[in-house]
Amino acid sequence: MEAAGGLWQRRAGPEERRLLVSLSYGMVGMGALSALLLRFVWMPYGRYSTRRLGCLVPARLAWLLQELPALLVPLGLSLFSGAARVSEWPNRVLLALFIGHYAHRFHLQGNPLHTALWTFQIKKQPRRSSEDISERALIFPFLIRGGKPTPFITFTLALIFCVYNGYLQGRSLSNYAEYPSGWLKGPCFIVGFAGWLSGMIINIYSDHILRNLRKPGETGYKIPRGGLFEYVTGANFFGEILEWFGFALASCTIESAAFAICTFFILGSRAHQHHQWYLEKFEDYPKARKILIPFVL
């Protein structure tokens with residue numbers, strides 16, 4: 001571990017800092033390109049899954065493995081890289097927000113990894129809808145029961161993105177981001193944290209609604225009802241976008257801003273696809289329901 005820490009310390013400096021900035025711009029560009037492509041091609045997973053993009057990976061395994069680097073990479077950088085800023089409380093708290101989002105995704109009853117990382121306890125709910133919840137990139141993998149498999153190429157791209165973003169956010173916050181001593185009491189952090197927490201609550205509750213769309217023994221699709229689904233098609237997407245823009249405001253780093261913008265591009269496009277799909281499939285789909293942002297978009 002000491003050797004690894006020494007290696008990261010030797011890498012630290014202006015050159016790596018420029019690399020992080022370049023990767024941030026690259027993430028925004030990647031999000032914009034993805035949004036453009038998704039105007040013409042359906043994202044190939046969940047209800048749109050296809051074998052044309054490689055063999056199919058079981059849903060639970062795919063979601064677990066592809067999201068795991070977003071948890072382990074920043075955690076490893078914080079603990080074993082000899083990071084210069086990880087001892088500062090603002091950096092610790094912001095890293096905890098980022099890691100905490102992914103830690104609660106890996107809830108297992110009695111799992112020591114989960115217990116050591118985070119104290120959120122999300123009680124398992126009976127699985128009543130398999131496909132709607134499995135359509136998202138960020139889900140509770142151990143709550144999936146029978147979700148549609150993920151094409152291997154889609155799984156691989158998601159895995160690479162999580163490694164990319166885990167390094168970007170983890171390295172920035174653990175080694176480079178500098179904050180004044182009163183940052184955690186300042187308006188940027190307080191408002192940003194409120195946005196992060198509100199978005200996470202919306203995200204979790206929307207997932208709960210999707211998981212319970214069907215009664216035991218029922219098949220087929222249903223129109224989501226309740227919560228923000230009364231106002232927008234992509235309530236779960238809206239929650240996650242709000243969460244990461246709140247995180248970006250709380251962090252005030254180019255890396256966190258790039259992630260928030262990229263999330264908006266990709267999940268906004270997914271919400272648009274879902275909205276069109278529901279309108280085509282259900283004649284009684286609420287016409288006043290917006291796509292992503294209540295009363296606006």
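Definitions and cut-offs
Residues numbered from 1 in each chain as written. Predicted model: local features only at pLDDT ≥ 70, side-chain atom pairs only at ≥ 80, totals over all residues. Heavy atoms only, no water. Helix = DSSP H or I, 4+ residues; strand = E, 2+ residues; numbered from the N terminus. Buried < 20%, exposed > 50% of the residue type's maximum accessible area, 1.4 Å probe, protein only. Contact = heavy atoms within 4.5 Å. Phe/Tyr/Trp six-rings, centres within 6.5 Å; stacked < 30°, edge-to-face > 60°. Lys NZ or Arg CZ within 6 Å of the ring centre and 35° of its normal. pLDDT = per-residue confidence, 0-100.

Some details on the overall build of the protein
Here is step 1 of the chain: Scanning the protein from N- to C-terminus turns up 9 helices and 2 strands.
Here is step 2 of the chain: Residues counted as buried form 50% of the 297 residues belonging to the protein.
Here is step 3 of the chain: Sequence separation of at least 24 residues holds for 81% of the intrachain contacts in the protein that already meet a minimum separation of 6.

Looking at the packing of aromatic side chains
The description of an aromatic ring pair rests on the distance of the ring centres and on the angle between the ring planes.
Here is step 1 of the chain: Under the counting rule described, the total for this entry stands at 19 aromatic pairs.
Here is step 2 of the chain: Centre to centre, the rings of Phe189 and Phe193 are 5.9 Å apart; their planes meet at 15°, and the pair counts as stacked. In this pair, Phe189 and Phe193 both sit in helix α7 (residues 187-211), 4 residues apart, roughly one turn of the helix.
Here is step 3 of the chain: Overall, the relative accessible area of 31% leaves Phe193 in the partly exposed class.
Here is step 4 of the chain: Between Trp277 and Phe282, the ring centres sit 6.4 Å apart and the planes meet at 70°, which makes this aromatic pair edge-to-face. Of the two residues, Trp277 and Phe282, both sit in the buried class.
Here is step 5 of the chain: Of the aromatic side chains, those joined through ring pairs into one cluster are Phe98, Tyr102, Phe161, Trp244, Phe247 and Phe259.
Here is step 6 of the chain: A cation over an aromatic ring shows up here: Arg92 above the ring of Trp89, its NZ or CZ 5.1 Å from the ring centre.

A look at the confidence of the model for the protein
Here is step 1 of the chain: Summarising the model, the protein shows a mean pLDDT of 81, and 77% of its residues fall at 70 or more.
Here is step 2 of the chain: Within the protein, helix α5 (residues 112-117) has the poorest average pLDDT of any element, 38, and helix α8 (residues 235-251) the best, 97.
Here is step 3 of the chain: Scored below 50 in pLDDT, residues 108-139 shows 97 contacts in the model against residues more than four places distant or in partner chains.

Points about the environment of Ala96
Here is step 1 of the chain: Tracing the backbone shows Ala96 in helix α4 (residues 89-103).
Here is step 2 of the chain: Note: C-alpha distance between Ala96 and Leu75 (21 residues apart in sequence) is 9.1 Å.

Focus: unusual backbone geometry
Here is step 1 of the chain: Of note in the backbone geometry, Cys252 takes a positive phi value of approximately 55° without being a glycine.
Here is step 2 of the chain: Mapped onto the secondary structure, Cys252 falls in the loop between α8 and α9 (254-281).
Here is step 3 of the chain: Residue classification places Cys252 among the partly exposed positions, given a relative accessible area of 44%.
Here is step 4 of the chain: Positive phi, normally seen in glycine, also occurs at Phe295, with a value near 70°.
Here is step 5 of the chain: Tracing the backbone through its elements, the reader meets Phe295 in the segment after α9.

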